[in-house]
Amino acid sequence: MAKNPVCVPKELPRSKWVAAAQMAVKLNPANRPHATVAAHAMAIGTGAPRERLALVVGKRWPASGVRLTVGFLDDAPSDLRARILLHMNAWAKSANVLFVETGTDPDVRIARVDSPPDDGGYWSYVGTDIRHIGKSKQTMNLEGFTMKTPESEYRRVVRHETGHTLGFPHEHMRRQLVNRIDRAKAIKYFAKSDGWSARQVSDQVLTPLEESTILGTTRADQRSIMCYDLPGQITKDGKPIIGGVDITPQDYRFAASIYPRPAAPAR
Ligand SMILES: [Zn+2]
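Rules behind the numbers
- Residues numbered from 1 in each chain as written.
- Predicted model: local features only at pLDDT ≥ 70, side-chain atom pairs only at ≥ 80, totals over all residues.
- Heavy atoms only, no water.
- Pairing = 2+ DSSP bridges.
- Helix = DSSP H or I, 4+ residues; strand = E, 2+ residues; numbered from the N terminus.
- Right-handed = clockwise from strand over helix to strand, strands pointing away.
- Salt bridge = Lys/Arg side-chain N within 4 Å of Asp/Glu carboxyl O.
- Buried < 20%, exposed > 50% of the residue type's maximum accessible area, 1.4 Å probe, protein only.
- Phe/Tyr/Trp six-rings, centres within 6.5 Å; stacked < 30°, edge-to-face > 60°.
- Lys NZ or Arg CZ within 6 Å of the ring centre and 35° of its normal.

Caption draft 1: Main features of the pairing of strand β2 (residues 97–101). Here strand β1 (residues 66–72) pairs with β2 via five bridges, running parallel. Across the sheet, Val70 pairs through a bridge with Glu101, a residue of β2. Crossover connection from β1 via helix α4 (residues 78–88) to parallel β2: handedness right-handed.

In structure tokens:
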């Protein structure tokens, strides 16, 4: 793999899109897309209407808070498991979120495999989609993570992938940032660095999220932990999109707005 494999959040197989979207809306009604976004999704694209609609449904957990158990699909030693959990729980600093390790039937399953193109690299399924993955499969992959991996990578990668598990999409997919990318240069660049097809580049970095599917922040934040670092080689102005290296104050505020902590009891 490249030194910095690019994260591609995993998508469920098409056969599960509609059921997963229905469950997401049931768990958190705020996952229902805004009417204009739904109408837009129905007007464009191909496939069954219910599938088109499913693609713009959010994947957030209930606003009452996130309690997820975590397990490891390999023989990760206890110090490594504890270190990964610690970084996953960094989100708890502002949000009502808790990840707890378990050996029994974990919600979040972590593997560290290197088997490109499908399973290697860094990735997670997004939010409530993890409920639709077979129990023997990982929901998050942290290729090659060991106790020797630098702390900065734990911050940059584990916290980012945990953001996906919490239902957060890629910040660089926002229109303000996508508009800065030069299409032809991006296709050439990712073909070389990640072996992506033009279609993959289009899906992963050139198609903006519908603005209304994004809650919280109103301005794109290129320092967000949910933003890739994208090189100046592929932007129209030649300046890089810096990308996040840790959860920013804006990310913390965003997470707290999605999963607010219960108010402290009055004295
Ligand atoms: Zn990602």
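Caption draft 2: Focus on the pattern of salt bridges. On inspection of all chains with the given rule, the structure shows twelve salt bridges. The salt bridge partner of Arg156 is Glu153, with a shortest N-O separation of 2.9 Å. You can see Arg156 and its partner Glu153 sitting in helix α5 (residues 151–165), three residues apart, about one turn around the helix. Glu153 matches Arg156 in its accessibility class, with the two residues each being buried. Beyond isolated ion pairs, a larger network of salt bridges with shared partners links Asp74, Asp75 and Arg112.

Caption draft 3: A look at the pairing of β1. Within β1, five of the seven residues are buried, which leaves it mostly tucked inside the rest of the structure. Across three bridges, β1 lies against strand β3 (residues 108–111) in parallel orientation. When the bridges of β3 are listed, Val70 appears paired with Val108.

Caption draft 4: Broad picture of the packing of aromatic side chains. Across all of its chains, the model carries eight aromatic pairs by this definition. Seen in terms of ring centroids, Trp123 and Tyr125 are 5.7 Å apart; in terms of plane orientation they differ by 90°. Their pairing is edge-to-face. Each member of the pair Trp123 and Tyr125 is classed as buried. Sitting above the plane of the Trp123 ring, Lys10 keeps its charged end 4.6 Å from the centroid.

It is worth stressing that arrangement in space is one thing and function is another; only the former is reported here.
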